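Structural overview
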Amino acid sequence: MSSEPLLRVENLKTQFFTETGTVRAVDGISFEVYEGEIVGLVGESGAGKSVASMSLLRLVESPGEIVGGTIEYKGETIFDLEEGPDGELREHPDMLSESEMRERIRGREIAVIFQDPMESLNPVFTVGGQLREFIEINRELPKDEAKAEAVRMLREVGIPDPEDRYEEYPHQFSGGMRQRVLIAMALACEPNLIIADEPTTALDVTVEGQILDLVDDLQDRYDTSFIWVTHDMGVVAEICDRVNVMYLGEVVEQAPVDELFYDTKHPYTSALLDSMPRPDRTVDELEPIEGVMPEAINPPSGCRFHPRCPDAREVCTRVHPENLEVDQAEGYPHRAACVKHDVFDVGYDESVPLEKGDEAETRVGETGSDENVDSTVEEGQASTDGGKANEANQTNRSPNRDGGESRP
Amino acid sequence: MGLLRYTIYRLLQAIPVLIGISIITFVLANLAPGDPVRLMLQGQQADEELIRTIEQRYGLDQPLHVRYWNYMTGLVQGDLGYSIHRRRPVSDLMLERAGPTLLLVLSAYLFAIVTAIPLGIIAAKRRNEPTDHISRIVALIGVSTPSFWIGIMLIIVFAVRLGVLPSAGLVYPWQPPEAAGHGSYLEHWTETIRHLILPMIALGTLQMATLMRVERTQMIESLQEEYVKLARAYGVPERTILRKHAFRSAQLPIITIIGLNLSTALGGAVLVETVFAINGIGRLFVEAIQQLDYQLIMGITMVLGFMFVVGVVITDISYAYIDPRVTYGERE
């Protein structure tokens, strides 16, 4: 904690410019990764986790673009925009060039493990050849040494007969074995940080367990830091040291893992934990989060989670909470972006609770008018009434229709 | 050995195809209007007796199915028949003419592949930029313009107007230079290439345009694969990604198209040989049809059909060479 972080991300924004509008996939997230720790990036599908992790390597594909924020790695500037004298944003002079990124950062300093081991290996080259190529590029070893290293790494990640398997093609490997190969690729380049983008999602549970054990073991020995992207709170509990919970492109809670589980500060995190299937709970006891995550193209006003939040009050539709420090644990701050905490002081306690049924209508009403916060609330309430009227209409109509059908 | 067994197996599978081709061609050729004997006599007065004798001599007086049977029994023994018009064995005639046609078709393919693959890759890399649009227009023109018309235009521009390239005939590189009146091999082969350029472009443009579009589509697809993203994330330079990582898996459809288009190319050769006055199989075929030379028509069709089948088999074999997931029908 005392030392400088390995990676520092501040207010990172990545947007996709599509025909239907700008998608704010990552909207101002900040977090740090210290040496030797595993940091979780958790959230539902579409929360912006993968885009955030690809932004760290500056590999966001068109029409996506990093539009703001700072990424610093070991004192080097991966990304930084600064305002020039003319008010235009421009790249900071210290920012690494594309070729410096390729030659110094990608693979060599920060490696990745992708989600789908079935698609991540090239089907027309041997597994060993692909591994060797990355080692050659990132460690500047001659061919034969790189090959020896590749075989050693295959053995290291638990692939039996690595000399023979080296010559085989990806289709001759099972999913779990392929994921081991991808882990070998990441470790073989001897990076200081590995971004693991849902590396166990495509695997079945027993294999997932093996892979997690393997990573845990290798992480101890190589002391590599990890950013572990996942939607699975179970995996988080098992492997992460600290966690960032993402919702709609924002980090809504940030805490060491035990603290996050035992002293949850954000309703979204609680909802995620409650929706987790566990052996000691039946399906009926599971509490799925209401609704689906809204599109990042037109996020709800105020707190983005308020339409689905059980604790939402009127003030939540107006105030957009920053991710502020609400507590301290294990020497790390516990941050949460929820106005119910005292540090926000925006009058949550006095505010009127929102009822869930009403909330759904509020969201419909406010689309397209979120610039003016005050009118949003009014409109929301207005349409709440409309919604109720609609509901009444429907209940009236159905018996009529039944009657109509039975008449002849 | 897997490869040999596979090849034999695939060639055996081709037998029904070849029988089908032979029946259709045989019936069609014989149903065509006209009488080969009268055509052979070229309008000379001839009594019925003479015509009957000639018909008997070539077996033309027998019913169709007997003639077909006779032809097929000969074919199985490697006898392609005897041209009644030219009074020479069909196999001799074809061997004589095979060289120029092979030279033409192969060079057209070479031209198509050498140009189409880089252009397709560039178009994929600069997708929806001006380069891509230009290549799209060129491809559209190439696909929709008949080869004989391209040939005629090339002759008008390069042979007639500019006078830089010859418009007719070929110089055969396998002949000694003296036979063509050239002093040295260098001069001889230079002439070969000069004669080959225009017909090669005329025949190869269609193939080039098709291959270019397929190459573009495949490369675009392949550049979006996860393994390409992975390679980028590991600092592999973009040109290595283009030349190696994305390239290899994108070539499978290209091979299919080359194999299947072999028949189109041979068909095109008929027209291009006529336009450029090249004495190849294509021209022989046109003459055979004009003269209703049944045996020659059959012979050429059967050989072309066989070559098509061989093309498909070669395609399948190269597939397995490039894509390790494809095996020669054997379990590991």
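The residue count restarts for each chain, going from 1 along the sequence in the order it is written. Chains and ligands are labelled by the order in which they are written, letters from A for the one and numbers from 1 for the other. Since the coordinates come from a predicted model, pLDDT governs what is reported: local features require at least 70, and pairs of side-chain atoms require 80 or more to be given and counted, while whole-chain, interface and lining totals use all residues.

A word on the overall build of chain B
Numbering of helices and strands runs from the N terminus, with a helix taken as a DSSP run of H or I at least four residues long and a strand as a DSSP run of E at least two residues long. Per the secondary structure count, chain B includes 15 helices and two strands. With respect to the principal axes defined by its C-alpha atoms, chain B has extents near 85 × 60 × 40 Å. Here exposure depends only on C-beta density: within 10 Å of a residue's C-beta, 20 or more other C-beta atoms make it buried, 12 or fewer make it exposed, and intermediate numbers make it partly exposed, the C-beta atoms being placed from the backbone. Counting every position in chain B, which comprises 332 residues, the buried fraction comes to 33%. By the convention adopted here, residues are in contact when the distance between their C-beta atoms, placed from the backbone, does not exceed 7 Å. Sequence-distant contacts in chain B: of pairs separated by 6 or more residues, those separated by 24 or more amount to 75%.

Observations regarding the interface of chain B and chain A
Across the boundary between the two partners, chain B contributes 17 residues, which contact 23 residues of chain A. In terms of residue class, the side of chain B that touches chain A is built from eight nonpolar, three polar and six charged. The residue classification treats Ala, Val, Leu, Ile, Met, Phe, Trp, Tyr, Cys and Pro as nonpolar and Asp, Glu, Lys and Arg as charged. All others, Gly included, are polar.

Observations regarding the sheet that holds strand E4 (residues 64–73) of chain A
Residue and element names in this part refer to chain A. Each pair of strands is called paired provided DSSP finds at least two bridges between the two strands. The sheet built from five strands is open, its strands ordered E2-E1-E4-E5-E6 with antiparallel pairing. Two strands close off the open sheet at either side, each with one partner strand: strand E2 (21–33) and strand E6 (89–91). Taking the axes of each pair of neighbouring strands and ignoring which way they run, one obtains an average angle of 25 degrees across the sheet. In this sheet, E2 lies alongside strand E1 (residues 7–18) in antiparallel orientation, the contact comprising nine bridges. What sits directly across from threonine 14, in E2, is valine 26. With respect to the sheet, helix H1 (residues 49–56) is in contact with E1, E2, E4 and strand E5 (76–83), its orientation differing from that of E2 by roughly 65 degrees. Fitted lines through C-alpha atoms serve as axes, helices being fitted only where they are in contact, and the angles separating the N-to-C directions of these axes extend from 0 to 180 degrees.

Regarding the UniProt feature "domain: ABC transmembrane type-1" (unreviewed entry) in chain B
Mapped onto this structure's residue numbering, the UniProt feature "domain: ABC transmembrane type-1" (unreviewed entry) falls at residues 98–319 of chain B. Its end C-alpha atoms 27 Å apart, residues 98–319 of chain B is made of 79% helix and 0% strand. UniProt positions are given in the numbering used here, feature names are shortened, and annotations may be inferred rather than shown by experiment.

Quick notes on the pairing of strand E9 (residues 225–230) of chain A
All names here are of chain A. Buried residues dominate E9, accounting for six of its six residues. Of the two faces of E9, the one holding Ser225, Ile227 and Val229 and the one holding Phe226, Trp228 and Thr230 are both buried throughout. Bridge analysis of strand E8 (residues 193–197) against E9 gives five bridges, and the strand direction is parallel. Directly across from aspartate 197, in E9, lies its bridge partner valine 229. A crossover links E8 with its parallel partner E9, the connecting element being helix H8 (residues 205–222), and its sense is right-handed. When the strands point away from the viewer and the connection leading from the first strand across the helix to the second strand turns clockwise, the crossover is called right-handed.

Some points on the domain arrangement of chain A
How large an interface is tends to be reported as the accessible area lost when its parts come together. All names here are of chain A. By convention here, the domain bounds are inherited from an automatic or database domain assignment. Here chain A is partitioned into domain 1 (7–121 + 173–315) and domain 2 (316–406). Across the contact, 26 residues belong to domain 1 and 37 residues belong to domain 2. Among the elements that line the side of domain 1 that touches domain 2, the one with the most residues is strand E11 (residues 250–256), at seven residues. When grouped by side-chain class, the residues that make up the side of domain 1 that touches domain 2 number eleven nonpolar, six polar and nine charged.

A few points about helix H8 (residues 185–223) of chain B
Owing to its 3.6 residues per turn, the α-helix aligns residues three or four sequence positions apart on the same side. Counted at 1.5 Å a residue, the expected span for H8(B) with its 39 residues is 57 Å, but the 46 Å between its end C-alpha atoms falls short. Each residue is assigned a bend, namely the angle between axes fitted to the seven residues that terminate at it and the seven residues that start at it. The largest bend in H8(B) is about 45 degrees, located at B:Gly204. Every helix has an expected span of 1.5 Å times one less than the residues it contains.

Focus: the nonpolar core
In this description, a nonpolar core means buried residues of the types Ala, Val, Leu, Ile, Met, Phe, Trp, Tyr and Cys, linked to one another by C-beta atoms lying within 7 Å. Counting residues in each nonpolar core, the largest one holds 102 residues, and the members touching the most others are A:Leu131, A:Ala184, A:Ala186, A:Ala188, A:Ile227, A:Trp228 and B:Tyr234. The leading source of residues in this core is helix H7 (residues 175–188) of chain A, at nine residues. Other than its neighbours up to four places away in sequence, A:Ala184 contacts A:Leu131, A:Met153, A:Leu154, A:Glu156 and A:Val157. Listed in part, the 62 residues of the second largest apolar core include B:Ala108, B:Ile117, B:Val171 and B:Ile297.

Regarding the UniProt feature "domain: ABC transporter" (unreviewed entry) in chain A
UniProt records the feature "domain: ABC transporter" (unreviewed entry) at residues 7–273 of chain A, using the numbering of this structure. In residues 7–273 of chain A, helix accounts for 39% and strand for 30%; the two terminal C-alpha atoms are 28 Å from one another.

Notes on the pairing of strand E3 (residues 38–42) of chain A
Residue and element names in this part refer to chain A. Burial analysis of E3 places five of its five residues in the buried class, the great majority of the element. On E3, burial covers both faces: Ile38, Gly40 and Val42 on one face and Val39 and Leu41 on the other are all buried. Two elements, E3 and E9, share five bridges in a ladder whose sense is parallel. What sits directly across from valine 39, in E9, is isoleucine 227. Inspection of the sheet shows E3 paired to strand E10 (residues 242–247) by four bridges, in the parallel sense. Each residue of the ladder has a partner; that of valine 39, found in E10, is arginine 242.

Examining the environment of A:Pro117
All names here are of chain A. Relative to the helices and strands, proline 117 is located in helix H3 (residues 117–120). Among the residues examined, proline 117 registers 27 C-beta atoms within 10 Å and is labelled buried. Setting aside residues no more than four positions away along its own chain, proline 117 makes contact with Gly175, Arg178, Gln179, Leu182 and Ala202.

Some remarks on the confidence of the model for chain A
The quantity called pLDDT is the predictor's confidence in a given residue, expressed from 0 to 100. Of all residues in chain A, 86% have pLDDT values of 70 or greater, and the mean over the chain is 82. The secondary structure element of chain A with the lowest average pLDDT is helix H13 (residues 373–406) of chain A, at 40, and the one with the highest is E10(A), at 94.

A few points about the environment of A:Tyr166
Residue and element names in this part refer to chain A. Take tyrosine 166: it is sitting in helix H6 (residues 162–166). On a C-alpha basis, the gap between tyrosine 166 and alanine 150 in space is 8.0 Å, while along the polypeptide they are 16 residues apart. Dropping the residues within four chain positions of it, tyrosine 166 is found in contact with Thr126, Val127, Gly128, Ala150, Val151 and Leu154.

Concerning the packing of helix H6 (residues 130–144) of chain B against H8(B)
Residue and element names in this part refer to chain B. Contact geometry of H6 with H8 gives a least axis separation of 8 Å together with a crossing angle of 135 degrees. With respect to H8, the axis of H6 lies oblique. Helix-helix and strand crossings are classified by hand; for H6 and H8 the assignment is left-handed. Residues Ser135, Ala139, Gly142 and Val143 of H6 form the contact with H8, whose participating residues are Thr205, Leu206, Met208, Ala209, Thr210, Met212 and Arg213. Of the residues belonging to the contact of H6 with H8, the class tally is six nonpolar, four polar and one charged. Oblique is the label for any angle not covered by the other classes, which are roughly parallel (under 35 degrees), roughly antiparallel (over 145) and roughly perpendicular (65 to 115). Crossings are sorted by hand: turned counterclockwise from the far helix by less than a right angle, the near helix makes the crossing left-handed, and turned clockwise it makes it right-handed.

What to know about the UniProt feature "transmembrane region" (unreviewed entry) in chain B
Residue and element names in this part refer to chain B. When the UniProt feature table is mapped to this numbering, "transmembrane region" (unreviewed entry) covers residues 12–32, 102–124, 136–160, 196–214, 252–276 and 296–322. End-to-end, the C-alpha atoms of residues 136–160 are 30 Å apart, and along that stretch the chain is 92% helix and 0% strand. End C-alpha to end C-alpha, residues 196–214 measures 26 Å, and it is 100% helix and 0% strand.

Details of the packing of H8(B) against helix H12 (residues 252–260) of chain B
Residue and element names in this part refer to chain B. Two elements in contact, H8 and H12, have axes separated by 9 Å at closest approach and are oriented at 160 degrees. Taken together, H8 and H12 sit at an angle that is classed as roughly antiparallel. Considering only the axes of H8 and H12, their crossing is right-handed. For the pair H8 and H12, the contacting residues are Thr210, Leu211, Val214, Glu215 and Gln218 in the first and Pro253, Ile254 and Ile257 in the second. Of the residues belonging to the contact of H8 with H12, the class tally is five nonpolar, two polar and one charged.

Digging into the confidence of the model for chain B
In the predicted model, chain B carries a mean pLDDT of 85, and the fraction of residues at 70 or more is 96%. We note a pTM of 0.77 for the whole complex and an ipTM of 0.79 for its interfaces.

Topic: unusual backbone geometry
All names here are of chain A. The omega angle of the peptide bond from serine 62 to proline 63 is 10 degrees, so this bond is cis rather than trans. Here proline 63 is to be found in the loop between H1 and E4. Even without a glycine there, the phi angle at aspartate 161 is positive, about 45 degrees. With respect to the helices and strands, aspartate 161 occurs in the loop between helix H5 (143–156) and H6. Judged by C-beta crowding, with 10 C-beta atoms within 10 Å, aspartate 161 ranks as exposed.

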